[in-house]
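# Examination of the molecular architecture
What follows is the residue order along each chain.
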Amino acid sequence: MPSYVARVDFGPGHALIAALEAAWAGDDDALAALVRGGLGEQPLAVMVAEYGASRVQSMLLVVSGIADLDGAEQQEALAVLREGLVSHMTMVALSMMSGWARSAGDDVGMTGDLTRSVLQAILSYTTDGDDPELVRALFAHLRVHHHVLKL
């Protein structure tokens, strides 16, 4: 069993990271083990979609500069963002991703496709493409900081 699946402390944070790693590696057997693992009350696909939504929303705030603002200035910028096309399109995409996750249920293929899409969205903000070294560095960072994952 690959190292990203064979973890001793295997809570939701670890499962999510393992799913991202398995999807990136194209390891459907590992994804199947994670999907069948019963790691919570929600299917893995829903956990992946929720994590992806939180990361996309956070990255939108960073790239728009809103994350660096304080107080009233931040609130004003958020109000402007919420009224704009970028926010609307982001919410449409996140809604579609949520629906995809709910319909995936325990389907390994659909969960893998969704997980790869979430990973690609994260990589589009955090790296210059999917350079293997940069992706491995991202996974290492996530493993160290899994306790702060918003699930």
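Look a little higher up for the structure.
Okay, so let's go over this structure. Computed from a prediction, not measured in an experiment: that's the story for all the values here.

## Observations concerning the overall build of the chain
Tallying secondary structure elements over the chain gives seven helices and zero strands in all. Sorting the 151 residues of the chain into buried and exposed places 37% on the buried side. Long-range pairs, those at least 24 residues apart, make up 65% of the contacts in the chain between residues at least 6 apart in sequence. If you sum the accessible surface of the chain, you get close to 8,400 Å²; carbon and sulfur atoms cover 56% of it.

## Remarks on a nonpolar patch on the surface
Residues V62, V63 and Y125 make up a contiguous nonpolar surface patch of roughly 290 Å² in combined accessible area. Along the chain, V63 turns up in helix 3 (residues 44–63). Under the relative-accessibility criterion, V63 is labelled exposed at 56%.

## Thoughts on the pattern of salt bridges
All chains considered together, the criterion is met by three salt bridges. Here E133 ties to R136 by a salt bridge, and the two come within 2.7 Å at their closest N and O atoms. Of this pair, E133 and R136 both sit in helix 7 (residues 132–144), three residues apart, which is roughly one turn of that helix.

## Overview of the packing of helix 5 (residues 85–104) against helix 6 (residues 108–126)
Contact pair helix 5 / helix 6: the axes reach a minimum separation of 9 Å and the direction vectors enclose 155 degrees. Here helix 6 runs roughly antiparallel to helix 5, going by the angle between their axes. Crossing handedness for the pair helix 5 and helix 6: left-handed. Side by side, helix 5 and helix 6 meet where M97, W100, A101, S103 and A104 of the first sit next to M110, T111, D113, L114, S117 and V118 of the second.

Criteria and cut-off values
Residues numbered from 1 in each chain as written. Predicted model: local features only at pLDDT ≥ 70, side-chain atom pairs only at ≥ 80, totals over all residues. Heavy atoms only, no water. Helix = DSSP H or I, 4+ residues; strand = E, 2+ residues; numbered from the N terminus. Buried < 20%, exposed > 50% of the residue type's maximum accessible area, 1.4 Å probe, protein only. Contact = heavy atoms within 4.5 Å. Areas by Shrake-Rupley, 256 points an atom, 1.4 Å probe, with all protein chains shown as cover. Patch = residues over 30% accessible without salt bridge, like charges linked within 9 Å, V, L, I, M, F, W, Y side chains within 5 Å. Salt bridge = Lys/Arg side-chain N within 4 Å of Asp/Glu carboxyl O. Axes fitted to C-alpha atoms, helices over the stretch in contact; angles between N-to-C directions. Parallel < 35°, antiparallel > 145°, perpendicular 65-115°, else oblique. Left-handed = near helix turned anticlockwise from the far one by under 90°.

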